[in-house]
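What the coordinates show
Spelled out from the first residue to the last, the chains are:
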Amino acid sequence: MSTRKTQVTASHWGPGLAVTEGARLVRVDPHPDDPAPSPINGNIASSLNGRARVLRPAVRAGWLEAVMAGRGGDPSSGRRGRDAFVELAWDEMFDLLARELTRMRATHGNEAIFAGTYGWSSAGRVHHAQSQLKRFLNTQGGFVRSRGNYSYNAALVLMPHIVGSYRDHVVQATRWPVIAQHSKLVVMFGGMAMRNTQVSDGGVARHRMADNLRACAEAGVRFVNVSPLRDDAAESLGAEWLPPKPGTDTAVMMGLAHTLLAEGLHDAAFLARYTTGFDRVAAYLTGRADGVVKDADWASAISGVPADRIRTLAREMAAGRTMISCAAGLQRADYGEQPLWMTVTLAAMLGQIGLPGGGYTIGYGVNANIGNMGRPFRWGALGQGENPVDAFIPVAMVADMLLNPGGAYAYDGTKGVFPDIRMVWWAGGNPFHHHQDLNRLHLAFQRPETVIVNEINWTATARHADIVLPVAAPQEREDFAGGQSDNALVPMPRLAAPPGEARVEFEIYAELARRLGNPEAFTKGHDTRSLVRQIWAETRAAAEAWGGSLPEWGDFIQGDIVELPDPAPMQVFLAEFRADPEGHPLPTPSGRIELYSERIAGFELAECPGHASYLPPRDVVAQTGPLYLLSGQPATRLHSQFDNGAYSVGRKIAGREPVLIHPEDAEPRGIADGDVVELSNARGRCLAGARVTDTIRPGCVFLWTGAWYDPEYGAPQNRDRHGNPNVLTHDLRTSPLSQGPAAHSAMVEIARFDGDPPPVQAHEPPPFKPR
Ligand SMILES: Nc1nc2c(c(=O)[nH]1)N[C@H]1C(S)=C(S)[C@@H](COP(=O)(O)OP(=O)(O)OC[C@H]3O[C@@H](n4cnc5c(=O)[nH]c(N)nc54)[C@H](O)[C@@H]3O)O[C@H]1N2
Ligand SMILES: Nc1nc2c(c(=O)[nH]1)N[C@H]1C(S)=C(S)[C@@H](COP(=O)(O)OP(=O)(O)OC[C@H]3O[C@@H](n4cnc5c(=O)[nH]c(N)nc54)[C@H](O)[C@@H]3O)O[C@H]1N2
Ligand SMILES: [Mo]
């Protein structure tokens, strides 16, 4: 009889108590110290024990044929994504991998290897999939990398020009207890979706957001939710709901700004002392610059928010301490730099930046910790070494890169040229989840000679690979979690044995490095066991340097969460700059907040002029469909991870991802709650399950991201059967300034799907062939 055991474990969505029986994970229960545990834990055991696990090393049949026939991989394949796989023994796989990597380097050089490998991987300081792959490739001559992220790319590039690094914005965000104490009003553009606060990069020991928001409401702070989704504000806030048309927040903020200016409610002294370029903004708002007055009526016509309410709200914002919050998601849209710049501009006009409870934040609600907690010191992490290759691409240009080798592009005032990529290696990310316009990405993925993917499950990305390496999941290896913005370290003991032939990635690279002749460069003499202890020892040393202490590894890994003090519980963003702008200048060219940026104006980009500007979304201009498609983060999982887990599957409709639609849009289309529907536009189409609800603005539909892409090849536009919004989104970027993804700017049509809907196959393994 196997023994039942309970141990602490961790993921990006928080800690849990794992129940195991022998070498098998049974379930993950809530951790008793977590005030708001995430139900996403309910996906782990069912997915890890599910049918979609990658069990053995596998190669794509068409690629194997090409290689056996002596061709260099399988460029211009056409079969990637729909081919059968042949399973191999590890020994043969290592030989094949070593040969292929050696061939690639000899024929095309390391600049032909793309290991941008964007993605969230899993929590755990040691076995972070991207870091492992990069550490390995850095010992093999390097690779082309990617820069930025899908989360807040426009902010990463824009903010340093106008205020300072975006990462500092996040780390130094004003804390919620300060808001409870000082703010009268919080205006939330894009809301503050509680579902998103389940997650924090690297982990979160306690989910504090709900309690902190409740304290604000109890203290009498008023909240306004400017978002197409009513549920983007926690119920406890009793928030007023002002739903705008998507992509029009910049206009709403301009209507507010114009009202402040017209009524003399702006803080001229603040603008003069702390900012540059307000005269240019004023000329734009009043219409002196371009003949268009950006008043509340103008903003109302564009956004659908009543003009009177824009005027009265501006007055309320000026009358007391007001926090302006801009959700990160607003920048994941056409010209996504603009709502960010206009947030800063509006806050500067109110003159409360740097005061407790005033000013602005970009990213409240983007994760569990922003505004709630900070990290006292840097945790130990796996070293990646140095990359001998300099070349990079902006992260969301992956399809462009594969389709246009040698093509030129603009990025942050510079010009780049796409490398000629022959090998793609992905570990810890799912581009067939995260990238836009998946039909185009499918074509782009046919181009390389060889695609390698390390995966836990048979995701669409694994199916698009030539070589698939089965890897151990975080619950199947020893590690520890420490969130990027958390105050706690959480043990991650090995809970279960990896199924089939799945292996810990460090051991895969170590063996491959051995066959390539230089194992020491990668392992530095470590095996997995000693590596984990080494990185824990580095974390302990960092704790001592900071003035604290941590337990020995043996005690820690068998024990519970270790919590450390919050480094800045009453922090106020930009307080030092406000107190002493000369002594603490901002890292911008002027040292001040740049409401007009000479530098950005000098880039001469129509899509991102020298000050915040309203530009209508491209799909709206092109009228590609009657309904706005929003595609935010799912409540029931982290992106696409463990989508075949019980909690995620249990909330699908007829096996498909739910799409929210307002009764006014559903009724004329004959759509009832629970129906299978088809969403479509010129780029693609997918099936989904209708959820008819008045919590969404009429004219908008909302389809969660993360349903595993399930194309039916041969159906119209290779229709996705499961409900992945990225078959509908375009992969044009925000602007040539930041080249960020712009997923939220898509228009679609929706119809009831009559007849027998094709069964969803995404959670099944691909077809296999004997050798
Ligand atoms: N339409 C639309 N698209 C979006 C967004 C949107 O709002 N709308 N949001 C974007 C955003 S903000 C983001 S951050 C991205 C997220 O995109 P991703 O980060 O790519 O999504 P994940 O599903 O987290 O992918 C992680 C993958 O790594 C695998 N994995 C986990 N642990 C390990 C490991 O230890 N080793 C290996 N080899 N693999 C592992 C998981 O199985 C999973 O397939 O999506 C973006 N895409
Ligand atoms: N449960 C869960 N939590 C997560 C994640 C997850 O996958 N699952 N992913 C994490 C990651 S990587 C990230 S980056 C963050 C993302 O966090 P955010 O970027 O804040 O999240 P989104 O869901 O993309 O967008 C937030 C809301 O913005 C609204 N919105 C969209 N377009 C517009 C618009 O034009 N105007 C206005 N006013 N509102 C608009 C939508 O209604 C949406 O609900 O979430 C993190 N948290
Ligand atoms: Mo993200």
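A few points on the structure. (Residues numbered from 1 in each chain as written. Chains lettered and ligands numbered in written order. Predicted model: local features only at pLDDT ≥ 70, side-chain atom pairs only at ≥ 80, totals over all residues. Heavy atoms only, no water.)

Glancing now at the overall build of the protein. Per the secondary structure count, the protein includes 27 helices and 29 strands. For the protein, whose C-alpha radius of gyration is 26 Å, the value lies close to the compact-globule estimate of 28 Å for 771 residues. The buried share of the protein, taken over its 771 residues, is 64%. Nonlocal contacts in the protein, meaning residues at least 24 apart in sequence, comprise 76% of its contacts between residues at least 6 apart. Total accessible area on the protein is roughly 26,300 Å²; 50% of this is exposed by carbon and sulfur atoms. Here the protein contributes 74 positive and 83 negative side-chain charges, whose respective centroids are spaced 2 Å apart. (Helix = DSSP H or I, 4+ residues; strand = E, 2+ residues; numbered from the N terminus. Rg over C-alpha atoms; globule rule 2.2 N^0.38 Å. Buried < 20%, exposed > 50% of the residue type's maximum accessible area, 1.4 Å probe, protein only. Contact = heavy atoms within 4.5 Å. Areas by Shrake-Rupley, 256 points an atom, 1.4 Å probe, with all protein chains shown as cover. Lys, Arg positive; Asp, Glu negative; His and termini not counted. Charge placed at Lys NZ, Arg CZ, Asp CG, Glu CD.)

Attention now goes to the sheet that holds strand S1 (residues 4-11). Taking strand neighbours across the sheet as the criterion, the three strands line up as S1-S2-S3 in an open arrangement whose pairing is antiparallel. Unpaired on one side and paired on the other, S1 and strand S3 (24-29) mark the two borders of the sheet. Taken pair by pair, the neighbouring strands of this sheet meet at an average axis angle of 35 degrees, ignoring direction. Here S1 runs beside strand S2 (residues 14-21); their pairing, made up of eight bridges, is antiparallel. Across the sheet, arginine 4 pairs through a bridge with glutamate 21, a residue of S2. (Pairing = 2+ DSSP bridges. Axes fitted to C-alpha atoms, helices over the stretch in contact; angles between N-to-C directions.)

So, on to the sheet that holds strand S13 (residues 359-362). Within the open sheet, the five strands sit side by side as S10-S9-S8-S12-S13. Their pairing is parallel. Across the chains shown, the open sheet's two edge strands, defined by having one partner strand only, are strand S10 (240-241) and S13. Sitting on the sheet, helix H14 (residues 337-350) is in contact with strand S12 (322-326) and S13, with an inclination near 175 degrees to S12.

Of all residues adjacent to ligand 2, which total 32 residues, the nearest are Arg195, Asp232, Asp249, Gly329 and Arg332. Between an oxygen atom of ligand 2 and a main-chain N or O atom of glycine 329, the distance comes to 2.7 Å. Residue histidine 744 places a side-chain N or O atom 3.2 Å away from an oxygen atom belonging to ligand 2. Considering ligand 2 on its own, with 910 Å² of exposed area, one finds that the protein chains cover 98% of that surface. In the shell around ligand 2, the residues fall into 16 nonpolar, 11 polar and five charged. Viewed by domain, the shell around ligand 2 spans two of them, domain 1 (153-374 + 581-602) and domain 2 (618-752), each represented by three or more residues. (Near = heavy atom within 4 Å. Polar contact = N/O pair within 3.5 Å; in protein donor to acceptor, adjacent residues only side chain to side chain. Nonpolar A, V, L, I, M, F, W, Y, C, P; charged D, E, K, R; others polar. Domains from an automatic or database assignment.)

Attention now moves to empty space enclosed by the protein. One pass over the full model with this rule turns up three cavities of 30 Å³ or more. A volume near 50 Å³ is recorded for the largest cavity. Those elements giving two or more residues to the lining of the largest cavity turn out to be S1, S2, strand S20 (479-482) and strand S21 (488-492). Broken down by class, the residue content of the lining of the largest cavity amounts to seven nonpolar, six polar and one charged. (1 Å grid on protein atoms, 1.4 Å probe; cavity = no way out; pocket = protein on both sides within 12 Å on 5 of 7 lines; lining within 4 Å. Points joined across faces, edges and corners; volume = space filled by probe spheres on them.)

Let us now look at the pattern of salt bridges. Opposite charge on two side chains lets them pair, provided their charged atoms get close. Applying the stated criterion across every chain yields a total of 50 salt bridges. Measuring nitrogen to oxygen at the nearest pair gives 2.7 Å for the salt bridge that ties arginine 309 to glutamate 240. Of this pair, arginine 309 sits in helix H13 (residues 307-319) while glutamate 240 sits in strand S10; the two residues are 69 residues apart in sequence, bridging distant segments of the chain. Classification of glutamate 240 by relative accessible area gives partly exposed; the value is 26%. Salt bridges here are not isolated pairs; linked through shared partners, they connect Arg60, Glu65, Asp74, Arg79, Arg80, Asp83 and Asp466. (Salt bridge = Lys/Arg side-chain N within 4 Å of Asp/Glu carboxyl O.)

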